[in-house]
Amino acid sequence: MQIIEGTIASPKGFYAAGLHAGLKKEKKDLGVIYSEVPANAAAVYTTNQVKAAPIYVTKEAMTDQKLQAVVVNSGVANACTGKIGLENAKKMQALTGAHLKIDKMSVAVASTGVIGKQLPMETIEAGISQIDLQDQFDYAFHEAILTTDTATKEIIVTEEINGQTVTMAGVAKGSGMIHPNMATMLAFVTTDAQISEELLQEILADKTETTYNQITVDGDTSTNDMVLVLANGLAENPVIEKNTEAYGKFVAMFQLVSETLAKMIAKDGEGATKLIEVQVVGALNETEARLVAKKVVGSSLVKTAMFGEDPNWGRIICAVGYAGSHTDPEKIDMWIGDQQLLKHSQPQEFDEIAMKQTLEKEKICITVDLNIGTQSGKAWGCDLTYKYVEVNALYHT
């Protein structure tokens, strides 16, 4: 497998575009992904009971698990907008279908931004009419989906599968309101691999649990979270079957793309200065290992301690204790970086200078060994800073 330079349009037969339509003051705010042929598709959505209008429109479009295009706007979430919002999402879908000369029901819709505002449909309509898939500005789509993100988030990988070069590209946005129980904010994956929609959905659901579902920035699950995967088959590899060498290679590609995007989102949390990775080992089962890891990385006290570069292991063991998993409070080992802080729940002396250097890094790794089993799990998050409060106190204005 090889990581290459590229965009969401790098797999064969895909195009992407983005532009400034006018939903935001200056930055790009409208984007489209298009496949030359209908693609097999898979999706996961927010578990928040309050769902944005585009979620319902995309779910309906996904009834046959086929898509040919995705249209996305940033700046306005089109959430909590009632019947008007739903009609606007459908109109957005229809306008895109007409502009691309494809069936509107093969178009998925996604939105991100401020909740409770109606989409300015004249602006949307004018923007869609200007989409030019031949005008390939490298990262235009990637930029068009951003809100408070500080950078685009993408990864492109290639692999030889059954004698053919298969390419997979992923792009995501997400910086705040990140505590998903399915996916996280918005992520899109394209591939030219030939694989059934049923197997694609199975792989997405499985990898979502260990990647997107294992990140947290602020404990809030968005109304708009969605991950969409499109596989158009234009690499012309033999159809990937389960439990084959080709399947193993494809799953490894998907794991790398999903985990990389998830970590990029965690690292780019609003106001964040550090990526925090928590690994829990010695658990009774993988589910409990992932649960404990996410509780630790999601603790506001742990997050602020990492921001303050304070090796406060008491906050970490506290989060382990309330995670709700099987735990023996007398057997816990703990490390920050390679410095051990606890052995069988007893404090250990550590090198304070080395610890200071560890906590100054952009990535901090916390390891917790429960010593009651053999299973492990990881989660990712970021520190909680003054800037996070500043960004969200002024978000609407």
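- Where an unreviewed UniProt entry is consulted, the chain appears under the name Arginine biosynthesis bifunctional protein ArgJ, with the organism given as Candidatus Enterococcus murrayae.
- Looking at the chain in UniProt, the text filed under Subunit (unreviewed entry) is "Heterotetramer of two alpha and two beta chains."
- Quoted verbatim from the Subcellular location (unreviewed entry) field of UniProt, the annotation for the chain is "Cytoplasm".

1. Some thoughts on the packing of aromatic side chains
For step 1, the next point in the chain: Within the structure shown, the criterion is met by three aromatic pairs.
For step 2, the next point in the chain: Taking the centre distance of 6.4 Å and the plane angle of 40 degrees together, the rings of Tyr15 and Tyr34 count as tilted. Here Tyr15, found in strand β2 (residues 14-19), pairs with Tyr34, found in strand β3 (residues 30-45); they are 19 residues apart in sequence, far enough to count as distant.

2. A closer look at the confidence of the model for the chain
For step 1, the next point in the chain: Averaged over all residues, the pLDDT of the chain equals 90, while 92% of them reach at least 70.
For step 2, the next point in the chain: Confidence drops under pLDDT 50 across residues 176-184; counting only partners more than four residues distant or on other chains, this segment forms 58 contacts.

3. Quick word on the pairing of strand β7 (residues 164-173)
Each regular strand shows side chains that alternate between the opposite faces of the sheet.
For step 1, the next point in the chain: Extensive coverage of β7 is indicated by the burial of eight of its ten residues.
For step 2, the next point in the chain: Taken together, the nine bridges between strand β6 (residues 153-161) and β7 define a ladder with antiparallel strand orientation. Each bridged residue has a counterpart across the sheet, and for Glu159 the counterpart in β7 is Val166.
For step 3, the next point in the chain: Between the end of β6 and the start of β7, which pair antiparallel, lie two residues, with Asn162 showing a positive phi angle near 50 degrees.
For step 4, the next point in the chain: Bridge count between β7 and strand β8 (residues 186-191): six bridges; the pairing is antiparallel. For Ala169, the partnering residue across the bridge sits in β8 and is Thr190.

4. A short note on unusual backbone geometry
For step 1, the next point in the chain: Even without glycine at this site, Asn78 takes up a positive phi of about 50 degrees.
For step 2, the next point in the chain: On the secondary structure map, Asn78 appears in the loop between β4 (66-76) and α2 (82-100).
For step 3, the next point in the chain: Residue classification places Asn78 among the buried positions, given a relative accessible area of 0%.
For step 4, the next point in the chain: One non-glycine residue, Ser345, lies in positive phi territory at about 70 degrees.
For step 5, the next point in the chain: Relative to the helices and strands, Ser345 resides in the loop between β13 (339-343) and β14 (346-347).
For step 6, the next point in the chain: Overall, Ser345 belongs to the buried group, its relative accessible area being 12%.

5. Concerning α2
For step 1, the next point in the chain: Here α2 spans 28 Å end to end across 19 residues, near enough to the 27 Å set by a 1.5 Å rise per residue.
For step 2, the next point in the chain: Listing the buried residues of α2 in full gives Gly85, Asn88, Ala89, Met92, Gln93, Leu95, Thr96, Gly97 and Leu100.
For step 3, the next point in the chain: Contacts from the buried residues of α2 go to β3, α1 (53-61), β4, β5 (107-114) and α3 (121-129).
For step 4, the next point in the chain: Once α2 ends, the next one or two residues include Lys101, with phi positive near 60 degrees.

6. Some thoughts on the sheet that holds β13
For step 1, the next point in the chain: Strand order in the open sheet formed by seven strands is β9-β16-β11-β15-β12-β13-β14, with mixed pairing between adjacent strands. The open sheet is flanked by β9 (215-216) and β14, the only strands paired with a single partner.
For step 2, the next point in the chain: Here strand β11 (residues 275-283) runs beside strand β15 (residues 363-369); their pairing, made up of seven bridges, is parallel. Along β15, the bridge assignment pairs Gln279 with Thr367.
For step 3, the next point in the chain: Here helix α6 (residues 245-267) sits on the sheet and contacts β9, β11, β15 and β16 (375-382); the angle it forms with β16, its principal contact strand, is near 40 degrees.
For step 4, the next point in the chain: On top of the sheet, helix α7 (residues 286-298) reaches β9, β11 and β16; it is set at about 25 degrees to β16, its chief contact.

7. Topic: the nonpolar core
Soluble globular proteins tend to bury their nonpolar side chains together.
For step 1, the next point in the chain: One finds Met168, Ile195, Ile203, Ile240, Phe250 and Phe254 to be the most contacted residues of the largest nonpolar core, which totals 36 residues.
For step 2, the next point in the chain: Elements with a contribution of two residues or more to this core: β3, β6, β7, β8, α5 (197-210), β10 (226-231) and α6.
For step 3, the next point in the chain: A per-element tally of this core places α6 first, with eleven residues.
For step 4, the next point in the chain: Look past the residues within four positions of Ile240 in its chain and what remains in contact with it is Ile161, Ala193, Gln194, Ile195, Leu199, Ala246, Tyr247 and Phe250.

8. With respect to the packing of α2 against α3
For step 1, the next point in the chain: At a minimum axis separation of 10 Å, α2 and α3 run at an interaxial angle of 20 degrees. The orientation of α2 with respect to α3, classified from their angle, is roughly parallel. For the crossing formed where α2 meets α3, the hand is right-handed. Within the contact between the two elements, α2 uses Asn88, Lys91, Met92, Leu95, Thr96 and His99 and α3 uses Met121, Ile124, Glu125, Ile128 and Ser129.
For step 2, the next point in the chain: Class assignment of the residues belonging to the contact of α2 with α3 gives a composition of five nonpolar, four polar and two charged.

9. Some words on the environment of His344
For step 1, the next point in the chain: As for its position among the elements, His344 is in the loop between β13 and β14.
For step 2, the next point in the chain: Among the residues examined, His344 registers a relative accessible area of 42% and is labelled partly exposed.
For step 3, the next point in the chain: Counting along the chain gives 45 residues from His344 to Ser299, while the straight-line C-alpha distance between them is 22 Å.
For step 4, the next point in the chain: In this structure His344 touches Glu330, Lys331, Ile332, Asp333 and Asn371, once residues within four positions along its chain are discounted.

Criteria and cut-off values
- Residues numbered from 1 in each chain as written.
- Predicted model: local features only at pLDDT ≥ 70, side-chain atom pairs only at ≥ 80, totals over all residues.
- Heavy atoms only, no water.
- UniProt positions renumbered as here; feature names shortened; annotations may be inferred.
- Phe/Tyr/Trp six-rings, centres within 6.5 Å; stacked < 30°, edge-to-face > 60°.
- Helix = DSSP H or I, 4+ residues; strand = E, 2+ residues; numbered from the N terminus.
- pLDDT = per-residue confidence, 0-100.
- Contact = heavy atoms within 4.5 Å.
- Buried < 20%, exposed > 50% of the residue type's maximum accessible area, 1.4 Å probe, protein only.
- Pairing = 2+ DSSP bridges.
- Expected span 1.5 Å × (residues − 1).
- Axes fitted to C-alpha atoms, helices over the stretch in contact; angles between N-to-C directions.
- Core = buried A, V, L, I, M, F, W, Y, C linked by side-chain atoms within 4.5 Å.
- Parallel < 35°, antiparallel > 145°, perpendicular 65-115°, else oblique.
- Left-handed = near helix turned anticlockwise from the far one by under 90°.
- Nonpolar A, V, L, I, M, F, W, Y, C, P; charged D, E, K, R; others polar.

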